Amino acid sequence: MSDTIERVRPAHVLIEGPADYTGRLTDLTRGHQLPIALFSHARNGRSTRVTWTAFTDFSPEWVALEQAARVGAESRFIDLPAWHPDFDSETERYSAAAMTAMKRMGLDTVDAMWDHVVECRAQATTTSQMIDILNTYFDMVRAGGPAASAREKYMASWARSAQLRGGPVVVVCGGYHRPAIMAELTAGPPPSDAWPPVPVAEPSLDVGTYLIPYSYRRLRLEAPWWYEMLWRNGISAPQIAIEALVRSLRSQGHHVSTTDVIGFRTQALALAAMRGHSTPTRRDVLDAAAGSLIDQALTSPLPWTRAGEPDGVDPDPVITACVRTMRGDRRGALHPDSPAPGLVHHVDMLLEELDLVPGTVSLDLTDHRGRTRSRVLHQLRLLGIPGFGRTFGPTGGSDMLSAEQWVITQTDERDPALTEAAAHGHTLVEASSAQLESALRRGGSDVATVAELLFDAVLCGLDSMSDATALVAVESLHAAADLADVGLLARTSLDLWRHDFLFGSRGSTVLGAVVTAACSRVITLARRSRATPGGADIGRIEAMAVVADVMRHAARLLTDDPTTELALLAADHGAAVDMRGAALGTSWSRSTPASAAAAVRSIAPDRLGDWLCGLFGVARESFLHNGSGNAVLTAVDDVVSGLTEHDFLVALPALRQSFEFFPPRERSAVAARFVAASTASPVPESVEPGVLLDGRIDAQLDEIGLR
């Protein structure tokens, strides 16, 4: 292609690239260290779309830009802008004919077919012969494929206009597009030689395109280092690759003898000859490495026979060396004067203003400035910006640590990461809020993830988070099916809503909305729970306890009074027994002795302990201070007294579990009430040690001021 431009001396070099960037081509040629990429984003409300257009030293687009400048040609990008809705409209990349041809050649990947048909001939043919090979190859790849896409029609319109303007024209595009563009060129010229209009984004669409450093690892190419070696060294590339693979293995302590190296080289040449290649291809080198250097059986196919990297935790060192060497570790760097989005400058300003410089940073979260600095650091962490690591601090809603420690490091990766984060917003608050909302949506019905993200929102500063955060968190609860997990989320949110002064989340609208939705979901799931042979579920009982706490301490958050629904659950003979007891516990203060005793007698004796687990797990604190408590104990005593020895032994484990909700001192009080209502033996002396233990603990807590 470079030779073509040199030979043709075109007036116009038209390059596949976003047309709206043509006016900024000087930014692209400032003297960067490749690889670099054009990063484009388009944001419309909640939806954000991003694309990368990468450039390496051997990219045809980059070579065309450089060569066009040398011959004095005018360069233009001619593709649709990356934000355009038709930019991603292409579906099938390769036709059925191409896949059939690949299989007939005995190859298993399109990359291997490219090497077999094109790369192995690159050094043994003339330019005109290579043009014929490429044309035939891409005609085959496209044969029977889709009609010209909107992108291809747009690129063809630029080519027609350039033809009318006079002088030779060179179009540089992906070979897959060539057949469609050539077909479009036969449709006739436009009525004038005016350049096609460049689409302009709607005002509601926030778009931006910036340069970022890139790396070979991020390229959508299996072996960028190998193709760089081919571009730079031609027929010497296979030998360079063999030497690089051997050095890599030896540097990792893998023994590769001189004999192994000779065998490796010999096998690569033999495979190339057998496959009809004038010089070894990438696949020849890799297959030779596997055949001559791997001395153990493999548990999976060689990774270059399919897309991706080696499977497994500890792949063979030869395979690892092959993949990493062929991929390469080259990283790009931008010229210091390259434009950057506003978010980069905004973060620089914040870091300077808050004195967040490289080193160890200790923060007092009880101090306003400390909390402000903490929020900025957490927002950067949430966006995945490198160089900001927290080594100490609160990890959950119930963790009342009031200090944090961070380690800030200077890294060249920070500004590129911020440039990509700018797709989510122009300020740090806006970008982190959008990222949080996106993460919540990805979390779906995974309530544990939602709880973690909500605490992230607290750490980032709920007062600066988007209202959409609450909406997305609430939506995630609609499909949540694990009652215990929903209860855990409700508890965390309620505790922060009620008690937190440290992070400023007390009374938060976001958390209040989550508490409301979580309570509603707990009741819905509890009513759906059916009686099963299993025992009481502590997790779901604790979820019902949260509902009781909300009814007691945060009733204004509830849009509807759940009392009636809970009463229906308590009386539902088909519902899970522990949920029936828990439902009664939520409104224990309103129960009458007669109704409480009737509830006990409605439960099968062998499930009575599970029912009591639900009741005590929700209403333990108020149980002993309500007249209905004595009625329950009397009813339980009557039921148990009437059991046969066998039935008593069956019911005993669950009954014992239920009374474990009471600490020793309260268990003593329960026993005393049993004695008062029964002619049975006095309170067992075994309770006394527990009471004494409680007393000693209380005394020690008094001494250190924790009572």
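Here the structure is shown first, and the text comes after it.
Residue numbers here run from 1 along each chain, matching the order of that chain's written sequence. Residues qualify for local features only when their pLDDT is at least 70, as the model is predicted, and side-chain atom pairs are given and counted only at 80 or more; totals for whole chains, interfaces and linings, by contrast, use all residues. As a convention, hydrogens and water are excluded, and side-chain values are obtained from all of the structure's heavy atoms.

1. Digging into the overall build of the protein
Runs of H or I in DSSP of at least four residues are treated as helices and runs of E of at least two as strands, each being numbered from the N terminus. Counting secondary structure elements, the protein contains 30 helices and nine strands. In terms of overall dimensions, the protein is more spread out than a globule: its C-alpha atoms have a radius of gyration of 36 Å, far above the 27 Å expected for 707 residues. Seen along its three principal axes, the alpha-carbon backbone of the protein occupies a region of about 110 × 60 × 50 Å. Remark: exposure states derive from per-residue accessible area (1.4 Å probe, protein chains only) relative to the maximum for the residue type, with buried under 20%, exposed over 50%, and partly exposed in between. The buried share of the protein, taken over its 707 residues, is 48%. Taking contacts inside the protein between residues at least 6 apart in sequence as the whole, the part at least 24 apart equals 73%. The quantity called the radius of gyration is restricted to C-alpha atoms. Its globule counterpart is 2.2 Å times the number of residues to the power 0.38. When checking whether two residues touch, look at their non-hydrogen atoms; a contact exists if any pair is within 4.5 Å.

2. Quick look at the sheet that holds strand β2 (residues 36–44)
Pairing is antiparallel across the open sheet formed by three strands, whose spatial order is β3-β2-β6. A single partner strand is all that each edge strand has here, and the edge strands are β3 (47–55) and β6 (206–213). Sheet twist, expressed as the average angle between the axes of neighbouring strands with direction ignored, equals 15 degrees. Strand pairing is assigned whenever DSSP identifies at least 2 bridges connecting the two strands. Both β2 and β6 contribute to a ladder of eight bridges, which runs antiparallel. Residue His-41 lies in a different strand from β6, and its bridge partner there is Gly-208. Inter-axis angles, ranging from 0 to 180 degrees, are taken between N-to-C directions of lines fitted to C-alpha atoms, where helices are fitted over the stretch in contact. In the packing of helix α16 (residues 414–421) onto the sheet, the strands contacted are β2, β3 and β6, and the crossing angle to β6 comes to about 160 degrees.

3. Description of a negative patch on the surface
On the surface, a cluster of negative charge is contributed by Asp-446, Asp-482, Asp-485 and Asp-537. Of note, Asp-537 is situated in the loop between α21 (509–528) and α22 (538–553). Residues enter patches when they are more than 30% accessible in relative terms and free of salt bridges; like-charged ones are connected within 9 Å and nonpolar ones (Val, Leu, Ile, Met, Phe, Trp, Tyr) within 5 Å. Accessible surface area values rest on a Shrake-Rupley calculation with a 1.4 Å probe, where residue burial reflects the displayed protein chains alone. Salt-bridge detection follows one rule: a side-chain nitrogen of Lys or Arg within 4 Å of a carboxyl oxygen of Asp or Glu. Asp and Glu are treated as the negative residues and Lys and Arg as the positive ones, with His and the ends of the chain left uncounted. Where a charge sits is defined by one atom per residue type, namely NZ (Lys), CZ (Arg), CG (Asp) or CD (Glu).

4. Thoughts on the sheet that holds strand β4 (residues 74–79)
With respect to topology, three strands assemble into an open sheet ordered β4-β1-β5, the strand pairing being parallel. Every other strand in the sheet has two partners, leaving β4 and β5 (169–172) as the edge strands with one partner each. The average angle at which neighbouring strand axes cross in this sheet is 30 degrees, direction not considered. The strands touched by helix α3 (residues 60–71) are β1 (12–18), β4 and β5; relative to β1, the strand with the most contacts, the crossing angle is about 145 degrees.

5. Quick word on the pairing of β4
Here β4 lies mainly inside the structure; five of its six residues are buried. Two strands pair when backbone bridges link them, and β1 and β4 are joined in this way by five bridges, in the parallel orientation. Along β4, the bridge assignment pairs Val-13 with Ser-75.

6. Here we look at the packing of helix α7 (residues 150–165) against helix α8 (residues 178–185)
A pair of packed helices is characterised by two quantities: the angle between their axes and the separation of those axes. Across the interface, α7 lies against α8 with an axial gap of 9 Å and an inter-helix angle of 50 degrees. Relative to α8, the element α7 lies oblique. Classified by chirality, the crossing of α8 by α7 is right-handed. For the pair α7 and α8, contact is made by Glu-152, Lys-153, Met-155, Ala-156, Ala-159, Arg-160 and Gln-163 and by Ala-180, Ile-181, Glu-184 and Leu-185, respectively. Under this scheme an angle from 65 to 115 degrees is roughly perpendicular, one under 35 degrees roughly parallel, and one over 145 degrees roughly antiparallel; angles in between are oblique. In this scheme the crossing of two helices becomes right-handed for a clockwise turn of the near helix relative to the far one and left-handed for an anticlockwise turn of less than a right angle.

7. A closer look at the packing of aromatic side chains
Each Phe, Tyr or Trp ring, with Trp reduced to its six-membered ring, pairs with another whose centre is within 6.5 Å; inter-plane angles below 30 degrees give stacked pairs, above 60 give edge-to-face pairs, and intermediate values give tilted ones. Scanning the model with the defined rule gives 15 aromatic pairs in all. Ring centres of Phe-39 and Trp-52 lie 5.5 Å apart, and the angle between their planes is 45 degrees; on these two criteria the pair is classed as tilted. Pair noted here: Phe-39 is in strand β2 and Trp-52 is in strand β3, with a separation of 13 residues, a long-range link. Between the aromatic rings of Phe-55 and Phe-77, the centroid separation amounts to 6.5 Å while the plane-to-plane angle is 10 degrees, which identifies the pairing as stacked. Note that Phe-55 is positioned in strand β3 and Phe-77 in strand β4, a separation of 22 residues in sequence. Overall, Phe-55 belongs to the buried group, its relative accessible area being 1%. A relative accessible area of 0% places Phe-77 in the buried class. Through pairs of rings, three or more aromatic residues link up here, namely Trp-588, Phe-616, Phe-623, Phe-659 and Phe-662. Geometrically, a charge over a ring is one whose NZ (Lys) or CZ (Arg) sits within 6 Å of the ring centre while staying within 35 degrees of the ring normal. Taking the ring centre of Tyr-210 as reference, the NZ or CZ of Arg-24 above it sits at 5.8 Å. Positioned above the aromatic ring of Tyr-176, the side-chain terminus of Arg-142 is 4.5 Å from the ring centre.

8. Here we look at the side chain of Ser-476
Mapped onto the fold, Ser-476 is located in helix α19 (residues 468–477). Every residue in contact with Ser-476, bar those within four places of it in the chain, is listed here: Gly-444, Ser-445 and Val-450.

9. Looking at unusual backbone geometry
Trans is the prevailing form of peptide bonds, just as negative phi is the prevailing case for residues other than glycine. For the bond running from Leu-34 to Pro-35, omega is 10 degrees, close enough to zero to count as cis. Among the secondary structure elements, Pro-35 is positioned in the loop between α2 (25–28) and β2. Even without a glycine there, the phi angle at Arg-9 is positive, about 50 degrees. Within the fold, Arg-9 resides in the loop between α1 (2–8) and β1. Exposure remark for Arg-9: the relative accessible area of 44% places this residue in the partly exposed category. Even without being a glycine, Asp-355 presents a positive backbone phi close to 55 degrees. Turning to its location among the elements, Asp-355 is positioned in the loop between α14 (342–353) and β7 (359–364).

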